[in-house]
Amino acid sequence: MNEDTIKKPRIGLFVTCLVDLFRPSVGFASVRLLEEAGCTVEVPMAQTCCGQPAYNSGDREDAAAIARQTIEAFEEFDYVVAPSGSCAGMLKKHYPSLLKGTSYEKRAEAFSAKVHELVSFLVDVLGATSVAAAGKGGSVTYHDSCSGLRELGIREQPRKLLNSIEGVEIREMENADVCCGFGGTFCVKYPDISNKIVEEKTACIEATGAQTLLAGDLGCLMNMAGKLHRQGSPIKVRHVAEVLAGMEDDTPAIGGGGR
Amino acid sequence: MEIQSPQFKEKARNALANEQLQRAMGKAKTGFISKRKKSVEALPEFEDLRSSARAIKDHTLAHLDLYLEAYEEKVKASGGHVHWAETAEDARQAVLAICRAAGARTVTKGKSMITEEIALNDFLEKEGIRPVETDLGEYIIQLRGEHPSHIIGPALHLNKEQVEEDFRRVHTQLPEERDLSQPESLLGEAREILRPQYFTADVGITGANMLIAETGSSIIVTNEGNGDLTQTLPRIHVVVASIEKIVPTLEDASQILRVLARSATGQDMSVYTTLSTGPRRPGDPDGPEEYHVILLDNGRSSMLGTEFHEMLRCIRCGACMNHCPVYHAVGGHAYGWVYPGPMGAVLTPSLVGVDKSGHLPNASTFCGRCESVCPMQIPLPRMMRHWREREFERGLNPATQRYGLGFWAFFARRPRLYRLATSLAIPTLSGLAGRRGWFRSLPLAGGWTRYRDLPAPQSRTFMQQWQARSGAPHGREGGDR
Amino acid sequence: MSGRNAILGKLRGALGAAGESDSARRAAVEQRLAGAPRGLVPARGQLGAKERAALFCSMAEAVTATVERVGASGDVPLAVTRYLRSRNLAPSVRMGEDERLAGMNWASQRSLEVKHGPADREDEVGVSHAFAGVAETGTIAMLSGKENPTTVNFVPENHIIVVEAADIAGDLETVIARMREKFGKGAMPRILNLITGPSRSGDIEQTMLLGAHGPRSLHIIVVGE
């Protein structure tokens, strides 16, 4: 180990369950971005899910057990980074209240201070103003996922980095800050309502004429991509990290088949 | 009103298929949002005023018993009467007693959600007293035998053609060939029809936006002026208000007024903000001879000090529903009781029981837009989650849901087993999709695939690939417990 | 009385109000009611007298009131006549017994009928004298009483309000302070109407239309610099 690696911030990557299962390329894009920004990235094997399905279903006991397990797996790192505003929000904002009054209270608070969503971590903590990627460019539109936007204040950061890529043109959609209708288990518990909301969203996306839809949360992306595909839209859908990491050439867009 | 919240899903589906409603909701969702945004941006102190307003209510709630006593004393000193009503029935009986004593046959009403909550109109009609709603929106829905679909825009779910139909059906004394195609003509007709009612009514009933402990005043905030005519012209004015409406002083009321109209309609101030203190005084040429306040609890005292305590800060501006994607999709009637949208999703279970209204706190994506615009900074999503917790504890969620959740949690709490299971399942699922990349339908995923396709997993899980790539696993191995 | 005791009892139970903590709570309430501390007052209305009056006028116009400025109270009757003519209204107004209005030479407007007392259904135009104006929002403060009956504010279709420029405050808090001076701490006129523009309704398809149940038009005459 040389001096350089000693100074490097040590990141524990919280992959998120959806990225782990459905779209590993987002995880590899996150690793690439963090390493390019001078971090050491490790992936603790003891992670599964942030616990939101339990937490938001009123099952505090399972949610708390998952929270404790996640804290144990990650508290040794300098930072905990997740490519999702929703999961990062769960770890950062909700673990402390979930474990309040338990023996994990202090640990949850210390853990919370280390947690960041990927893109805001690059910009706000590491001070990144650009990325190395020289992607394909083209027109993109960006959906602000709810938790990232309202719990973590993520809005300008992804736009800033996207604008640093030559040839990328951001076409803002109307109501970019309005929910896409995913809402975790909501979309299967109330499919009719969820459908109505995502229809409104895809209309706004289509109206921009952008080639690609980007966002920072895979749940929302799968919802919007699934609706766009059902509607026969040619718009490609990706996690913003893939574009920032310059991985468009070797990674098909969501639903574009395996590798 | 009879609670229909258990039929939420069915009512939501009907609402989504109702073209008239969808057209009305389409118009409704843009106006409120842009107007609020504009007025909020024009006031640099708005965010600080939210905190200030919140602090006032927090202080008041912590001393609610004492402020109510102080308020009562002041009302009495100004010649008014205070009636304490524990339940909706107590409140109805109090109103009836006042009406009976006055020999009242007609009462005019200003817009009041509390009188909706206690279902006063139906009750009065059964007792032979005719209630006349005078707020335009309330008047329209009274003609239709409906309930408000929005707490500040009762007829938000209607289009002008529907209103025209109702006016033609009911106002048969007017010439058939009159032109009612424009909102202006509808408004003009309602004005002419209602005007005589104010002068003939024996009792005027209003709600209150606030009650001021310092002075014993009640405040109504309106745009039309109907509330003022209602409380000025009849011989008796009855205010029906719930106990959490109290604020300490005039200054406190002023703070809250600065966030109320902006959050509701995007106005700096509503047209008429009226502070009423007691009945007509010696020398007064107008005003009611009697002034009554009915203070309603109806379950609110049981919220105090619980995880739903903060809901009592609500000032009924409607901003939460104006910004709610679920409310926009299904409208207010789908919620099945008096209070719709996010505030209703928290308040309704508190007032009628979560066993009857469990859908309401569940039918939310937790997008958080409601909380972000709430002038009182009420953590609405958090409290909806608390209701879900109560439901879970009491085993009120459907068995399939509990089973699915339990199955998932079993694995999520055992990382090694989880990795094993997913490393088998995911490549299989990926292989099943083949080169298509999408599933159009999938067993157990009907909720998803009814309306959208499901992207297939890329190939193996990230964890599988990462382990293969880096040889030995990084970090501590997760042990299953 | 049983309802009262039951409700207060439940509240005290939920708030854990007992013993010493209760005397602290009582002290906090007494202090707040007595002190009536001012909250946050926006900078918008905190201006010199001239700018304040100008802000009041522009805010009132922004809520579709019409505003006219006259040099002295003696100019008001002519301004009223001209307004009625410009609106094609019959030369008849309703007003209360406000001394400031009574001191104006209404007789100078020969064709103008001035009726006194509370408004009735036949009245088309009401004339009132304001207690104060609020520059921050373009709001008029009206007090009830025989001087300016509340019915005059709501029953006629057209409302003309006279306000002295000197009575225009920056904010509502200043008006509250003046009211306390006039009526005493904790006392109120029977009615305080804060009026911000003419009556309107957005209940049909969220289109704001003027003239719901209150006056369709609100004309404000500001007297003095």
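Residues numbered from 1 in each chain as written. Chains lettered and ligands numbered in written order. Predicted model: local features only at pLDDT ≥ 70, side-chain atom pairs only at ≥ 80, totals over all residues.

A. Structural detail: the interface of chain B and chain C. Each side of the interface is counted separately: chain B has 78 residues, and chain C has 61 residues. Classifying every residue of the side of chain B that touches chain C gives 30 nonpolar, 27 polar and 21 charged. As judged from the 5 bridges shared by strand 9 (residues 272-276) of chain B and strand 9 (residues 191-195) of chain C, these two strands associate in the antiparallel manner. Within strand 9 of chain C, the residue paired with Ser-276 of chain B across the bridge is Ile-191 of chain C. (Contact = placed C-beta atoms within 7 Å. Nonpolar A, V, L, I, M, F, W, Y, C, P; charged D, E, K, R; others polar. Pairing = 2+ DSSP bridges. Helix = DSSP H or I, 4+ residues; strand = E, 2+ residues; numbered from the N terminus.)

B. Layout of the interface of chain A and chain B. Taken residue by residue, the interface counts 63 residues in chain A and 56 residues in chain B. For the side of chain A that touches chain B, the elements supplying multiple residues, two or more each, are helix 2 (17-22), helix 3 (24-36), helix 4 (52-55), helix 5 (60-74), helix 9 (146-152), helix 11 (186-189), helix 12 (191-208) and helix 13 (218-230) of chain A.

C. Structural context of the arrangement of the chains. Here the protein chains form 2 pairs of chains in contact, of which the pair with the most contacts is chains B and C. Looking at chain A next to chain C, you find no contact at all, with the nearest C-alpha pair sitting 20 Å apart.

D. Structural view of the sheet that holds strand 1 (residues 66-70) of chain C. Residues and elements named next belong to chain C. Strand order in this open sheet of 6 strands is 1-12-7-4-2-3, and the pairing throughout is parallel. Pairing within the sheet leaves two strands with one partner each, and these edge strands are strand 1 and strand 3 (113-116). Averaged over all adjacent pairs, the angle separating strand axes in this sheet is 25°, with direction ignored. Inspection of the sheet shows strand 1 paired to strand 12 (residues 217-223) by 5 bridges, in the parallel sense. In the strand pairing of strand 12, Glu-68 is matched with Ile-221. Most of the contacts of helix 4 (residues 76-86) go to strand 12, to which it runs at about 155°, and overall it touches strand 1, strand 2 (92-95), strand 4 (125-129), strand 7 (158-164) and strand 12. (Axes fitted to C-alpha atoms, helices over the stretch in contact; angles between N-to-C directions.)

E. How the structure looks around the UniProt feature "domain: LUD" (unreviewed entry) in chain C. In the numbering used here, UniProt assigns the feature "domain: LUD" (unreviewed entry) to residues 52-223 of chain C. Across residues 52-223 of chain C, helical content stands at 25% and strand content at 30%; the span's end C-alpha atoms are separated by 14 Å. (UniProt positions renumbered as here; feature names shortened; annotations may be inferred.)

F. Inspection of the sheet that holds strand 8 (residues 236-239) of chain A at higher detail. Residue and element names in this part refer to chain A. Across the sheet, which stays open at both edges, the 4 strands sit in the order 6-5-7-8 with parallel pairing between neighbours. Every interior strand has two partners, whereas the edge strands, strand 6 (168-170) and strand 8, have only one. The mean inter-strand angle of the sheet, taken between neighbouring strand axes irrespective of direction, is 35°. In this structure, strand 5 (residues 138-142) lies alongside strand 7 (residues 212-215), joined through 3 bridges in parallel fashion. Its bridge partner being in strand 7, Val-140 is matched across the sheet by Thr-212. Each of strand 7 and strand 8 touches helix 13; the most contacted strand, strand 8, lies at about 175° to it.

G. Structural context of the packing of helix 6 (residues 85-98) of chain A against helix 7 (residues 105-114) of chain A. Residues and elements named next belong to chain A. One can describe the packing of helix 6 onto helix 7 by two numbers: an axis separation of 8 Å at closest approach and a directional angle of 170°. On the basis of their axis angle, the class for helix 6 and helix 7 is roughly antiparallel. Contacts between helix 6 and helix 7 involve Lys-92, Tyr-95 and Pro-96 from the former and Ala-108, Glu-109, Phe-111 and Ser-112 from the latter. Looking at the contact of helix 6 with helix 7 residue by residue, the classes come out as 4 nonpolar, 1 polar and 2 charged. (Parallel < 35°, antiparallel > 145°, perpendicular 65-115°, else oblique.)

H. Seen up close, the packing of helix 9 (residues 160-170) of chain B against helix 10 (residues 183-200) of chain B. Residues and elements named next belong to chain B. At a minimum axis distance of 10 Å, the contact between helix 9 and helix 10 shows a crossing angle of 35°. Viewed along their axes, helix 9 and helix 10 form a crossing whose handedness is left-handed. Note on element contacts: helix 10 touches helix 9 through Pro-183, Leu-186 and Glu-189, opposite Lys-160, Val-163, Glu-164 and Phe-167. Grouping the amino acids of the contact of helix 9 with helix 10 by side-chain chemistry returns 4 nonpolar, no polar and 3 charged. (Left-handed = near helix turned anticlockwise from the far one by under 90°.)

I. Molecular detail of the domain arrangement of chain B. All names here are of chain B. Under the domain assignment used here, chain B contains domain 1 (1-40 + 308-397), domain 2 (43-296) and domain 3 (415-470). Using C-alpha coordinates to define each centre, domain 1 is positioned 23 Å away from domain 2. Listed per partner, the contact involves 30 residues of domain 1 and 34 residues of domain 2. Those elements that place two or more of their residues in the side of domain 1 that touches domain 2 are helix 2 (19-41) and helix 13 (319-322). A per-element tally of the side of domain 1 that touches domain 2 places helix 2 first, with 10 residues. Each residue belonging to the side of domain 1 that touches domain 2 can be placed in one class, and the counts come to 16 nonpolar, 8 polar and 6 charged. (Domains from an automatic or database assignment.)

J. The arrangement of the environment of Ala-319 of chain B in detail. All names here are of chain B. Take Ala-319: it is sitting in helix 13. Overall, Ala-319 belongs to the buried group, with 31 C-beta atoms counted inside 10 Å. When the C-alpha atoms of Ala-319 and Lys-160 are compared, they prove to be 23 Å apart, with 159 residues separating the residues in sequence. (Buried ≥ 20, exposed ≤ 12 C-beta atoms within 10 Å, placed from the backbone.)

K. Main features of the environment of Leu-296 of chain B. All names here are of chain B. Position of Leu-296 among the secondary structure elements: in strand 10 (residues 290-296). The buried category is assigned to Leu-296, around which 27 C-beta atoms lie within 10 Å. For the pair Leu-296 and Asp-90, spaced 206 residues apart in sequence, the C-alpha separation works out to 8.4 Å. Not counting residues up to four positions away in its chain, the partners in contact with Leu-296 are Ala-85, Ala-91, Ile-114, Ile-118, Val-240, Ala-241, Ser-242 and Ile-243.

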